[in-house]
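Per-entry structural report
Each chain, letter by letter, is given below.
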Amino acid sequence: MSDAKAAPSADAAPKPKKNILLFAIIGLLVVLLLLGGLLAFFLLKSPADGSADEAVAEANAHAEEEKKAKEKKKKEKEKEGHVAPVFDKLQDQPFTVNLAGDTESVLQVEIMVELAEDADKERLKSVQPKVLDAVNRLLRSKTLEEIKTTEGQETLAREIREKLNELLEVEAKDEGVLSVNFTKYFYQ
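Everything in this summary refers to the structure shown in the same document. From a predicted model like this one, the values you see are computed outputs, not experimental measurements.

**Digging into a nonpolar patch on the surface**
The grouping of Leu-21, Ile-25, Leu-28, Leu-29, Val-31, Leu-32, Leu-35, Leu-38, Phe-41 and Phe-42 at the surface amounts to a nonpolar patch, some 1,000 Å² of accessible area in total. Here Leu-38 lies in helix α2 (residues 14–44).

**Quick word on the nonpolar core**
Membership of the largest hydrophobic core comes to 26 residues, with the highest contact counts inside it found for Leu-90, Ile-111, Val-113, Val-135, Leu-139 and Ile-160. Contributions of two or more residues to this core are made by β2 (95–98), β3 (106–115), α5 (128–140), α6 (144–148), α7 (150–167) and β4 (177–187). Here this core gets five residues from one element, more than from any other, and that element is β3.

**Some remarks on the pattern of salt bridges**
Under the defined criterion, the tally for this structure stands at seven salt bridges. In this structure, Lys-125 and Asp-88 form a salt bridge, with 3.5 Å as the shortest nitrogen-oxygen distance. With Lys-125 in helix α4 (residues 119–126) and Asp-88 in strand β1 (residues 86–89), this residue pair connects regions lying 37 residues apart in the sequence. We classify Lys-125 as partly exposed; its relative accessible area is 40%. Here Lys-142 makes a salt bridge to Glu-159, at a shortest N to O gap of 2.6 Å. In this pair, Lys-142 sits in the loop between α5 and α6 while Glu-159 sits in helix α7, placing the two residues 17 residues apart along the sequence. Classification of Lys-142 by relative accessible area gives buried; the value is 11%.

Conventions used here
- Residues numbered from 1 in each chain as written.
- Predicted model: local features only at pLDDT ≥ 70, side-chain atom pairs only at ≥ 80, totals over all residues.
- Heavy atoms only, no water.
- Patch = residues over 30% accessible without salt bridge, like charges linked within 9 Å, V, L, I, M, F, W, Y side chains within 5 Å.
- Areas by Shrake-Rupley, 256 points an atom, 1.4 Å probe, with all protein chains shown as cover.
- Salt bridge = Lys/Arg side-chain N within 4 Å of Asp/Glu carboxyl O.
- Helix = DSSP H or I, 4+ residues; strand = E, 2+ residues; numbered from the N terminus.
- Core = buried A, V, L, I, M, F, W, Y, C linked by side-chain atoms within 4.5 Å.
- Buried < 20%, exposed > 50% of the residue type's maximum accessible area, 1.4 Å probe, protein only.

In structure tokens form, the structure reads like this:
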């Protein structure tokens, strides 16, 4: 009798292993199908859904608001009365450079700049090495004949103003450096 009881238990043991293996395979297939479905969803989904366009539009609107705020601030200052000009000296001592050309000509200038607002003074100071280099290069590129005339001096002042506003990354004519003034102008 003991043999008869032992025989059914031997047959029953393999069934639970088959069931566990079957459930594991089915569970793995379900997980793979879910992952495949998610992958297909993300691949077939439209790439932008308008979110990039919305971000660009929002950035443009923000830039426009800032520009309008600046213009409004300037108009308010003008309404309050005449705003005192802001002047700054580019360098403590005058610029002294050798001029281009065959002669041994020298130019010595002291430069004051008129700025649109007081904050531009700090912006100018923050790029001071670039400013000094740019002005020195520009002055050294001129010949004695170019700087002798009033026209040449005006051209030089305009070129310095343009270069400084380029360094300050100014967009409008009424921002950054408004004018360049030579307080000392000596050539030889």
